[in-house]
Every structure is written in structure tokens, then in C-alpha cells.
Amino acid sequence: WRVNSYSYPSFFSDNDKAQEAWSVFLTFFDYTAYDELKNWWDSGQGARRLNPSALESWKATFEEVGLLYVISRSNTITITPSGKALKEFADANDINGFVWTGINLLARYPLRGPRRVRSELHGNSDLFLYRFIYSAILELDNYLWWSELERILCRVFSTDQAQNAITDIRLLRKNPATIRELSLPAPQRKGAFYNSLNQVCNHASMNHLVFETLREHNPYK
């Protein structure tokens, strides 16, 4: 799985990166012309200087999670109704409305994505990525080990593979030693593979707001 690499903007999360993302998101409300916003950030008038390519990555992340969009070559920033609602819930200190809005947006995100196809698997996917993750966690007793994510769950690209993956994880939990028979779907764990899955979790959790990461001894050693 591959998603955009910047953090989810989460007003109610005390995570530094969540607050950074939220502050960048708010600046999109201040401009209707995207080039003017880029010039403002590039001038260093914000909390720090963001060059145009960095701001483009932020924009792509906000587009992916359904908060705003800039149609190619239009130069016009459009905040979606849900993006506006997210800000309104933050202003009203309404965490329930904030989470409900964010989750409903994420649940609509197709793994195929709105832009360039990242691979043949992505191009042929019919999976709604975050809806699948939420459903999987609920079916698996409200928790998921990282080993299960990186060796089984992230191999699912179509809805007809989803239930088999859940079944495989249940079987694995009954006999954890069999994890040695499951290879990683990437040559190495470190780098792009780990970073991408980690960002999937960041977005799915609305930056540690909906669920959290715990470091515990796990059955897979």
C-alpha cells in the first residue's frame, strides 16, 4: 500500500506532527489562488519556510483525505464541505463531530487513488483502504499486531481477498510460530516499505486520535 507521505491534520491530537499538519491546513483557508499561497509559504512569512514542492506534498495529502482540492492547472483552492466542517468542529471544540467527519472521509478513499497509478496492483484495486482497515480491526477483536499488517493485511488489494486475510490472521494467532512461513512483500522492512505502512496507520488513526500504538511483547517474537 502507498499513500501520501505527510501527516494527517488533527486538531485534537497532541502529537507535534498532527499540530503541524493542522496549522498548514488552516492556511489553505486564507487564499483562493494556490500560487499566492505557495508564494506566501516560500517567503518565510509562516512559522517556517515551505518551498513549493513541500507545499505540494501537503496539498496532495489534504486532497487524499478529502479536505480540499486544486484541479490541475486551475490554480483555484477549493475546500470541500467536509473540510469546512472539520474546521468548524475544531473551532467548536467538538471532538465527536471532528472524528465522525474525518472517519467518513477516510472510509471513502479508494486504494486506487485519484492520481497516478503507483503500481499495477493499485491500478486494478477496488479496495476502500481505510474502510477495510477499520473493518479488519473490528473483526480481529479491536487490535492488530504490526507483523499481521506487514505480512498479511497489506497484501490485500481487492475486496474478494479481504475475508481470506482475516481468516489467515485468525489462524496465525492460534499458531504464531507459523509466521516464519510468511515472507515480507518487500525486499527489506526498513525504508519505503515501513514508512508507507506507518503513514497508512497515521492517516487511519487521524494521527493517533482514533486508535493508538502500543509497544508490547507480541506472540511473534
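Here goes a summary of the coordinates provided. (Residues numbered from 1 in each chain as written. Predicted model: local features only at pLDDT ≥ 70, side-chain atom pairs only at ≥ 80, totals over all residues. Heavy atoms only, no water.)

When you go through the protein chain residue by residue, the secondary structure sums to ten helices and two strands. A compact globule built from 221 residues would reach a C-alpha radius of gyration of about 17 Å, and the protein chain, at 19 Å, matches this within 12%. With the C-alpha coordinates aligned to their principal axes, the bounding extent of the protein chain is approximately 55 × 40 × 30 Å. By sequence separation, contacts in the protein chain at least 24 residues apart represent 66% of the contacts at least 6 residues apart. (Helix = DSSP H or I, 4+ residues; strand = E, 2+ residues; numbered from the N terminus. Rg over C-alpha atoms; globule rule 2.2 N^0.38 Å. Contact = heavy atoms within 4.5 Å.)

Moving on, we get to the packing of helix α1 (residues 16–27) against helix α4 (residues 81–91). At a minimum axis separation of 12 Å, α1 and α4 run at an interaxial angle of 120 degrees. In terms of orientation, α1 lies oblique with respect to α4. The element α1 and its partner α4 pack so that their crossing is left-handed. Each of Trp22, Phe25 and Leu26 in α1 lies in contact with α4, whose residues at this interface are Gly83, Leu86, Lys87 and Ala90. Looking at the contact of α1 with α4 residue by residue, the class counts come to five nonpolar, one polar and one charged. (Axes fitted to C-alpha atoms, helices over the stretch in contact; angles between N-to-C directions. Parallel < 35°, antiparallel > 145°, perpendicular 65-115°, else oblique. Left-handed = near helix turned anticlockwise from the far one by under 90°. Nonpolar A, V, L, I, M, F, W, Y, C, P; charged D, E, K, R; others polar.)

Let us now look at the nonpolar core. Of all hydrophobic cores here, the largest spans 57 residues; its most connected members are Trp1, Phe28, Leu129, Tyr130 and Leu153. Ranked by residue count, the leading element in this core is helix α7 (residues 129–139), at seven residues. (Core = buried A, V, L, I, M, F, W, Y, C linked by side-chain atoms within 4.5 Å. Buried < 20%, exposed > 50% of the residue type's maximum accessible area, 1.4 Å probe, protein only.)

A word on the environment of Leu127. The topology assignment puts Leu127 in the loop between α6 (120–124) and α7. Judged by relative accessible area, which is 3%, Leu127 ranks as buried. Sequence-wise, Leu127 and Arg112 are 15 residues apart; in three dimensions their C-alpha atoms are separated by 7.5 Å. Not counting residues up to four positions away in its chain, the partners in contact with Leu127 are Tyr109, Pro110, Leu111, Phe132, Val156, Phe157, Ser158 and Thr159.

Under the 1.5 Å per step criterion, the end-to-end length of helix α3 (residues 52–64) is 18 Å for 13 residues, consistent within 8% with the ideal 18 Å. For α3, every residue scored as buried is listed here: Ala54, Leu55, Trp58, Lys59, Ala60, Thr61, Phe62, Glu63 and Glu64. Tucked inside the fold, the buried residues of α3 contact α1, α2 (34–42), β1 (68–70), α7 and α10 (192–204). In the segment just after α3, Gly66 is the residue with positive phi, at about 85 degrees. (Expected span 1.5 Å × (residues − 1).)

With that settled, consider the state of the cysteines. Applying the stated criterion across every chain yields a total of zero disulfides. Here Cys154 is not cross-linked by a disulfide; its sulfur's nearest cysteine counterpart is in Cys201, at 10 Å. The class of Cys154 is buried, set by a relative accessible area of 4%. (Disulfide = S-S within 2.5 Å.)

Within the secondary structure, Ser147 is located in helix α8 (residues 146–151). For Ser147, a relative accessible area of 15% translates into the label buried. When neighbours within four sequence positions are excluded, Ser147 is seen to be in contact with Ile152, Ile179 and Tyr220.

A few words on the pattern of salt bridges. Overall, the coordinates contain eight salt bridges when judged by the stated rule. Its salt-bridge partner being Glu56, residue Lys59 comes within 3.2 Å of it at the nearest N-O pair. Taken together, the residues Lys59 and Glu56, both in helix α3 and three residues apart, mark about one turn of the helix. On the accessibility criterion, Glu56 (30% relative accessible area) is partly exposed. (Salt bridge = Lys/Arg side-chain N within 4 Å of Asp/Glu carboxyl O.)

Attention shifts here to helix α5 (residues 95–106). The α-helix winds at 3.6 residues per turn, so residues separated by three or four positions along the chain end up facing the same way. With twelve residues, α5 should reach 16 Å at 1.5 Å per residue; the first-to-last C-alpha distance of 16 Å fits that figure. The elements touched by buried residues of α5 are α1, α4, α7 and α10.

In helix packing, the relevant descriptors are the interaxial angle and the interaxial distance, both defined with respect to the helix axes. It is at 9 Å that the axes of α2 and α3 come closest, and there the two elements cross at 125 degrees. In terms of axis orientation, α2 runs oblique to α3. For the pair α2 and α3, the sense of crossing is right-handed. Residues Tyr34, Leu37, Lys38, Trp41 and Asp42 of α2 pack against Pro52, Leu55, Glu56 and Lys59 of α3.

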